[in-house]
Amino acid sequence: MLSREIVLEVKRLLDEDKHSQRQIASLLKVSRGSVNAIANNRRGLHGREPERQLQLFATRPSRCCKCGGYVYAPCLLCRAREYREREARLQKLARRVA
Ligand SMILES: [Zn+2]
């Protein structure tokens, strides 16, 4: 089961219309069947996050071990940063594929 983040990223790349389904599948390391299902709206844009991740939501803020901010775990700032970094990596990869 794919995470929602990956599903949305597949959708985004499909909407960009710059890559083939095969390229998207190999860029994001998902099956071509999954990419195809998302492309044809046979699969909803939902994902199952691992339970471990859900349990990380704390009821009190705590120090983020990465950025040091006082946040509710998981740190959204660090997640956004990781997402941006992955995005940049993907774009670099995509340029190489294109
Ligand atoms: Zn952080």
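Above this text is the structure in question.
Everything quoted here is computed from the prediction, not taken from an experiment. (Residues numbered from 1 in each chain as written. Predicted model: local features only at pLDDT ≥ 70, side-chain atom pairs only at ≥ 80, totals over all residues. Heavy atoms only, no water.)

Let's shift gears to the environment of cysteine 78. Considering the arrangement of structural elements, one finds cysteine 78 in helix 5 (residues 76–97). Residue classification places cysteine 78 among the buried residues on the basis of a relative accessible area of 6%. Considering only alpha carbons, one finds cysteine 78 and glycine 68, 10 residues apart in sequence, at a separation of 10.0 Å. Residues in contact with cysteine 78, not counting those within four places in the same chain, are Cys64, Lys66 and Cys67. (Helix = DSSP H or I, 4+ residues; strand = E, 2+ residues; numbered from the N terminus. Buried < 20%, exposed > 50% of the residue type's maximum accessible area, 1.4 Å probe, protein only. Contact = heavy atoms within 4.5 Å.)

The next subject is the coordination of the zinc ion. For the zinc ion, the full set of protein donor atoms is Cys64 (SG), Cys67 (SG), Cys75 (SG) and Cys78 (SG), at a range of 2.2 to 2.4 Å. Geometry at the zinc ion is tetrahedral, judged from its four donor atoms and the angles of 106 to 113 degrees they form at the metal. All donors of the zinc ion come from a single chain, and their spacing in sequence reads C-x2-C-x7-C-x2-C. Given the relative accessible area of 30%, cysteine 67 is considered partly exposed. (Donors = N, O, S within 2.8 Å, 3.2 Å for Na, K, Ca; no water. Tetrahedral: all angles 85-135°; square planar, octahedral: opposite > 155°, others 65-115°.)

The next subject is the side chain of histidine 19. By secondary structure assignment, the location of histidine 19 is in the loop between helix 1 (4–16) and helix 2 (21–28). Accessibility expressed as a relative area gives 13% for histidine 19, which makes it buried. What histidine 19 contacts, discounting residues up to four positions off in sequence, is Leu13, Ile24 and Ala94.

Honestly, that's just the spatial picture; any functional story needs more than this.
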